[in-house]
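In case you want the letters, here they are:
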Amino acid sequence: MRGKAHVFGNDVNTDEIIPARYLNTIEPAALAKHCMEDADAEFVKKARPGDIIVAGENFGCGSSREHAPIAIKAAGMACVVAGSFARIFFRNAINIGLPIIACPEAAADASDGDELDIDLAAGRLKNLTTGNSFAFPPFTSEIQAIIEAGGLMAFVKGQVRK
Amino acid sequence: MAMTITEKIIAAHSGREAARPGDFVFARVDIALGNDITAPIAIRELAAAGIERVWDRTRVALVPDHFTPAKDIASAEQAKVLRDFARAQGLTHYWEIGRMGVEHALLPEQGVVGPGDLVIGADSHTCTYGALGAFAAGVGSTDLAAVMAIGKAWLRVPESMKFTFTGRRRPWVSGKDLILYTIGEVGVSGALYRAMEFAGPVIEGLPMDDRLSMCNMAIEAGAKSGIIAPDAVTRQYVRGRLEREAVYYASDPGAAYARQFEWDVSGLEPVVACPNLPDNVKPAAALSDVRIDQVVIGSCTNGRLSDLETAAKILNGRRVAEGVRCLIFPATPAIEREALRRGYLETFLDAGAVVSPPTCGPCLGGHMGILAEGEVALATTNRNFTGRMGHPRSQVYLASPAVAAASAVTGRITHPAEVAG
């Protein structure tokens, strides 16, 4: 995947990703209209499908609302690259099939508007603007099994059948 | 080998002799929890996967507490999704308005969760139940759907961090002050993915309401869970209310911790978390020039009976300052009824405060007390993120019920001793 970076700081919380005033719906398209609104009110106007969110440490901290990764995915973001992820956001993203990459070096290297090229299977991120390349570790086999099943519910259906 | 209380509970729920940090386990869940924000997505996912029945209708708890009494038509529809699902599945743990309370106050109070349990909740403050000696962790909606389907959850066994509190608490220093101080020391990602274990003589002397408020905010340090080993206070609390048999665990001597802290809190004074993160902690006395527009006393952190008792003690015979709105939210109907019986509610009304039915409402900027642009609130809740209680350019300070009530009286952030001696 290849896309333009939108860079945020540390501790981006789920209230900023999707403010609670929009949580009276679970429709992905409705949530996508307000993606990142309280971190950057102009984000939805600037972002294009296939773009990439880049942030510092502890991305997605706060509430357990799955509406946060749903809003990011439905807004067409290809991936989130961060220094680290808050644990509930991490689980939610894996469970709904939003690609996420924890790579502090790549996150620190990227500036707003940089062109990123990511090969998830190979674990490689190249910043085409700075020319720097980064390797990120693969997920553990347990998490990989959920991803390969097509998300947690597909994985669980497999478990129920066994 | 020596294990922490957290490792023991997870091992016992995954059919293993031992659980080590980093292990992935498929753990049996005692109670699965969802609310009117998170459960509708879980219910949709369950249906999409073609799963018709929950794994055990006595172990799924649904609490419509966030946007209820319904704040608008869309919220009413979400609450109806819960109501219809609970009825269709024959769930034994669904509470309608009138019996419903803020989930993390309601479940311990009703004896639904207890010592030794493994609880998975689609709400980040599920970690509250660690105060009872349970392993309890927040997840999202799809995780909840999976648990509702099979009664099990994938977990990575967390490393533990131990926080030992020694010395003597000064007057007006509560569990809320201890946890805000802790978050201020370690930071909002200082316990990322870990279990926070609170111990020491100060914790042993802490009432259950304060313990619940401490474990409630473990997530604000990034933790997976917070926990306090059960003791006489725990046994007294669960007696006569717990639905199932309690199982009491304790950490072994020699159990391994990723980090250990020992703090003598004898010098600690009431503290406040300033905007916009819960780790931006300062002494209340140092913030006396911060003027406030609204005070909120309530939430899953501090809406319990002893919280209202403290507020009533300070507001008794005093008036909420001119131009300040003081909103009080008893967390459950039982708490509200007891506060009524003891005269607290009359004290609040006499002081010029307003008393709301149980709801999460204002804590997450849902309803019942939204802030306008530029307004400042002091709340006993758990998050002060940008725009948390309303307009993106409003501000939230977090504190104990004592600081909140004292500040309501003066209209600025106030050490309780300044008002009540």
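First, a word on scope: everything that follows refers to the structure included in this document. None of these values were measured; they are calculated from a predicted model.

1. Structural notes on the overall build of chain A
Next, step 1: The number of helices and strands found in chain A is 8 helices and 7 strands.
Next, step 2: The globule rule puts the C-alpha radius of gyration for 162 residues at 15 Å, and the 15 Å found for chain A is close to it.
Next, step 3: For chain A, the spread of C-alpha atoms along the three principal axes comes to 50 × 40 × 25 Å.
Next, step 4: Considering only contacts within chain A whose residues lie at least 6 apart along the sequence, 62% involve residues at least 24 apart.
Next, step 5: Entry remark: accessible area of chain A is about 6,300 Å², with carbon and sulfur atoms responsible for 53%.

2. Looking at the overall build of chain B
Next, step 1: The helix and strand inventory of chain B stands at 15 helices and 18 strands.
Next, step 2: For chain B, the C-alpha radius of gyration of 20 Å lies close to 22 Å, the compact-globule estimate for 421 residues.
Next, step 3: With respect to the three principal axes, the spread of C-alpha positions in chain B is 60 × 50 × 40 Å.
Next, step 4: For chain B, with 421 residues in total, the buried portion stands at 64%.
Next, step 5: Put simply, 76% of the contacts in chain B that link residues at least 6 apart link residues at least 24 apart.
Next, step 6: Summed over all atoms, the accessible surface of chain B reaches about 14,100 Å², with 48% contributed by carbon and sulfur.
Next, step 7: The distance from the centre of the 42 positive side-chain charges to the centre of the 46 negative ones in chain B is 2 Å.

3. Topic: the packing of aromatic side chains
Next, step 1: Per the counting criterion, the structure on display carries 14 aromatic pairs over all chains.
Next, step 2: Centre to centre, the rings of A:Phe59 and A:Phe85 are 6.1 Å apart; their planes meet at 85°, and the pair counts as edge-to-face. Here the residue A:Phe59 occupies a position in the loop between β2 (52–55) and α4 (67–74), and A:Phe85 occupies one in the loop between β3 (79–82) and α5 (87–96), the gap between them amounting to 26 residues.
Next, step 3: Residues A:Phe155 and B:Trp154 carry aromatic rings whose centres are separated by 6.0 Å and whose planes lie at 55° to one another, so their mutual orientation is tilted. Residue A:Phe155 is located in helix α8 (residues 152–161), and its partner B:Trp154 is located in strand β7 (residues 152–156); the two belong to separate chains.
Next, step 4: Of the residues examined, A:Phe155 reaches a relative accessible area of 13% and is grouped as buried.

4. Remarks on the sheet that holds strand β5 (residues 118–121) of chain B
Strand pairs in the sheet, formed through backbone hydrogen bonds, run parallel or antiparallel to each other.
Residues and elements named next belong to chain B.
Next, step 1: Spatial strand order, β4-β3-β2-β5-β6: 5 strands in an open sheet with parallel pairing. Looking at which strands have only one partner, the edges of the open sheet turn out to be β4 (93–94) and β6 (135–138).
Next, step 2: As paired elements, strand β2 (residues 31–35) and β5 share 3 bridges and run parallel to each other. Bridge pairing in β5 links Leu33 to Gly121.

5. As for the interface of chain A and chain B
In many reports, interface size means the accessible area that the parts give up when they come together.
Next, step 1: The interface of chain A with chain B comprises 43 residues on the first partner and 50 residues on the second.
Next, step 2: Here chain A and chain B share an interface that buries about 3,700 Å² over both sides, 61% of which is from carbon and sulfur atoms.
Next, step 3: Seen at the junction of chain A and chain B, the total is 2 salt bridges.
Next, step 4: Taking the shortest distance from any N to any O, the salt bridge between B:Arg388 and A:Asp15 comes out at 2.9 Å.
Next, step 5: On the surface where chain A and chain B come into contact, there are 16 residue pairs in polar contact (both at pLDDT 80 or more).

6. With respect to empty space enclosed by the protein
Any empty space left between atoms is shown by rolling a water-sized probe over those atoms.
Next, step 1: Taken as a whole, this structure holds 5 cavities of 30 Å³ or more when the rule is applied.
Next, step 2: Quantified by volume, the largest cavity comes out at close to 220 Å³.
Next, step 3: In terms of lining residues, the largest cavity is bounded by 22 residues, among which B:His66, B:Asp123, B:His125, B:Leu364 and B:Arg388 are the most central.
Next, step 4: Sorting the residues of the lining of the largest cavity by element identifies α4 (103–109) and α10 (299–302) of chain B as the ones contributing at least two each.
Next, step 5: Of the residues contributing to the lining of the largest cavity, the split by class is 7 nonpolar, 10 polar and 5 charged.
Next, step 6: For the lining of the largest cavity, the domains that each give at least three residues are domain 1 (5–262) and domain 2 (272–420) of chain B.
Next, step 7: Reported here for the second largest cavity is a volume of approximately 70 Å³.
Next, step 8: Considering the residues around the second largest cavity, the lining is formed by A:Asn58, A:Gly60, A:Cys61, A:Gly62, A:Ser63, A:Ala86, A:Arg87, A:Ile88, B:Leu192, B:Ile219 and B:Gly222.
Next, step 9: Looking at side-chain class alone, the lining of the second largest cavity contains 5 nonpolar, 5 polar and 1 charged residues.

What counts, and at which threshold
Residues numbered from 1 in each chain as written. Chains lettered and ligands numbered in written order. Predicted model: local features only at pLDDT ≥ 70, side-chain atom pairs only at ≥ 80, totals over all residues. Heavy atoms only, no water. Helix = DSSP H or I, 4+ residues; strand = E, 2+ residues; numbered from the N terminus. Rg over C-alpha atoms; globule rule 2.2 N^0.38 Å. Contact = heavy atoms within 4.5 Å. Areas by Shrake-Rupley, 256 points an atom, 1.4 Å probe, with all protein chains shown as cover. Buried < 20%, exposed > 50% of the residue type's maximum accessible area, 1.4 Å probe, protein only. Lys, Arg positive; Asp, Glu negative; His and termini not counted. Charge placed at Lys NZ, Arg CZ, Asp CG, Glu CD. Phe/Tyr/Trp six-rings, centres within 6.5 Å; stacked < 30°, edge-to-face > 60°. Pairing = 2+ DSSP bridges. Buried area = accessible area lost by both parts, 1.4 Å probe. Salt bridge = Lys/Arg side-chain N within 4 Å of Asp/Glu carboxyl O. Polar contact = N/O pair within 3.5 Å; in protein donor to acceptor, adjacent residues only side chain to side chain. 1 Å grid on protein atoms, 1.4 Å probe; cavity = no way out; pocket = protein on both sides within 12 Å on 5 of 7 lines; lining within 4 Å. Points joined across faces, edges and corners; volume = space filled by probe spheres on them. Nonpolar A, V, L, I, M, F, W, Y, C, P; charged D, E, K, R; others polar. Domains from an automatic or database assignment.

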